[in-house]
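Listed here are the chains, written in short residue letters.
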Amino acid sequence: MKNLKQRLKQGETLNGCWLNLGSSLTAEIVGHSGFDWVLIDLEHGAGSEKDVLYQLQALENTAAGVIVRVESSESQRIHRVLDMGAEGIMCPKVHNPEEAQKVVHGLHYPPHGGRGVAKMVRATGFAQNFNQYYAEARDTILGVVQIETVEVLNHLDEVAALDGVDVLFIGPADLSMELGIFGQFDHPRFKEALQETVNAAQKAGKSTGILFFNPDDYKRYHDLGIRLIACGADATFVADGARALASKLDAFRK
């Protein structure tokens with residue numbers, strides 16, 4: 001574990017990015033590049049749960065902590081990636097406190113949740129470290145719910161107050177689409193939703209997160225109090241680098 005949860009509790013800003021190619025090689029390259037954390041994307045990414053295992057193995061000896069975005073709040077999806085050794089779980093499109101509680105239920109062992117017990121898994125060193133893992137799990141596993149719907153904006157205080165919800169993570173694309181202002185991140189209603197989310201998280205002693213693709217937006221979101229910051233993805237890094245080089249070579253040819 002890379003102590004993401006405790007570092008956020010201490011007020012640290014953690015910089016990260018998305019991994020959506022499903023590749024253990026790009027995961028390892030990104031993991032060694034200086035990010036505090038990375039997110040393996042099972043919602044929209046190209047990889048499967050099997051690919052998550054290889055990416056976790058590739059990232060183990062890097063400085064980056066690993067969060068996995070699961071497809072839904074179903075407990076089985078959460079259990080599997082935690083057993084593989086993920087440090088945190090992100091769940092998309094949480095609509096209300098009941099759905100957020102379902103996420104928490106899958107994150108933690110009884111009596112704090114309903115996570116099934118399996119000792120012979122990678123997260124516990126294949127049974128060698130189960131007692132330590134069990135004792136520390138509540139303090140180390142990061143629970144992240146995504147704020148992407150109009151409905152959840154009416155329940156921010158309730159969601160943030162749940163024990164086990166550590167981060168309210170804003171999904172700008174989905175949230176702006178739900179608000180009817182897709183991509184208009186300077187729109188007053190989008191800015192209001194951002195501020196409402198940050199306020200609810202701070203009131204509950206929790207953190208806020210966001211993903212963006214223009215590094216110039218960093219100060220704007222950091223100044224709002226957002227501390228789990230993601231910028232870019234392995235796919236965009238490859239695409240941007242390839243296009244830039246091809247364009248440069250093309251200019252020489254002309």
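Residues numbered from 1 in each chain as written. Predicted model: local features only at pLDDT ≥ 70, side-chain atom pairs only at ≥ 80, totals over all residues. Heavy atoms only, no water.

Named according to an unreviewed UniProt entry, the protein is 2-dehydro-3-deoxyglucarate aldolase originating from Larkinella terrae.

## Quick look at the sheet that holds strand 7 (residues 207–212)
Strand order in the closed barrel formed by eight strands is 1-2-3-4-5-6-7-8, with parallel pairing between adjacent strands. Taking the axes of each pair of neighbouring strands and ignoring which way they run, one obtains an average angle of 25 degrees across the sheet. Bridge count between strand 4 (residues 88–91) and strand 5 (residues 142–147): four bridges; the pairing is parallel. Bridge assignment links Cys91 to a residue of strand 5, and that residue is Val145. Running over the sheet, helix 3 (residues 49–59) touches strand 1 (14–19), strand 2 (37–41) and strand 3 (65–69) and is turned about 165 degrees from strand 2. (Pairing = 2+ DSSP bridges. Helix = DSSP H or I, 4+ residues; strand = E, 2+ residues; numbered from the N terminus. Axes fitted to C-alpha atoms, helices over the stretch in contact; angles between N-to-C directions. Contact = heavy atoms within 4.5 Å.)

## Observations regarding the packing of helix 2 (residues 24–31) against helix 3
At a closest axis distance of 8 Å, the pairing of helix 2 and helix 3 adopts a crossing angle of 30 degrees. By the angle between their directions, the pair helix 2 and helix 3 is classed as roughly parallel. Relative to helix 3, the crossing made by helix 2 is right-handed. Counted together, Ser24, Ala27, Glu28 and Gly31 of helix 2 and Tyr54, Gln55, Ala58 and Leu59 of helix 3 form the full contact between these two elements. Grouping the constituent residues of the contact of helix 2 with helix 3 by class yields four nonpolar, three polar and one charged. (Parallel < 35°, antiparallel > 145°, perpendicular 65-115°, else oblique. Left-handed = near helix turned anticlockwise from the far one by under 90°. Nonpolar A, V, L, I, M, F, W, Y, C, P; charged D, E, K, R; others polar.)

## As for the pairing of strand 4
Consecutive residues of a regular strand have side chains that alternate between opposite faces of the sheet. Alternating residues of strand 4 divide into Gly88 and Met90 and Ile89 and Cys91, and every residue in both groups is buried. Sheet topology places strand 3 next to strand 4; three bridges connect them, and they run parallel. Pairing of Val68 across the sheet is with Ile89, part of strand 4. In this region the chain leaves strand 3, passes through helix 4 (residues 75–84) and returns to the parallel neighbour strand 4; the handedness of that crossover is right-handed. (Buried < 20%, exposed > 50% of the residue type's maximum accessible area, 1.4 Å probe, protein only. Right-handed = clockwise from strand over helix to strand, strands pointing away.)

## With respect to the UniProt feature "domain: HpcH/HpaI aldolase/citrate lyase" (unreviewed entry) in the protein
According to UniProt, the "domain: HpcH/HpaI aldolase/citrate lyase" (unreviewed entry) feature falls on residues 16–238. Structurally, residues 16–238 comprises 43% helix and 18% strand, and the distance from its first C-alpha atom to its last is 16 Å. (UniProt positions renumbered as here; feature names shortened; annotations may be inferred.)

## Observations regarding the packing of aromatic side chains
Inspection of the entire model under this criterion finds eleven aromatic pairs. Seen from their ring centres, Phe130 and Tyr134 are 6.0 Å apart, and the 20 degrees between their planes marks the pair as stacked. One end of the pair, Phe130, and the other, Tyr134, are both in helix 6 (residues 130–140), four residues apart, so they sit about a helical turn from each other. In this structure Phe130 comes out as buried when scored by relative accessible area, which is 9%. Among the residues examined, Tyr134 registers a relative accessible area of 40% and is labelled partly exposed. Taken together through their ring pairs, the aromatic side chains of Tyr109, Phe130, Tyr133 and Tyr134 make up a single cluster. (Phe/Tyr/Trp six-rings, centres within 6.5 Å; stacked < 30°, edge-to-face > 60°.)

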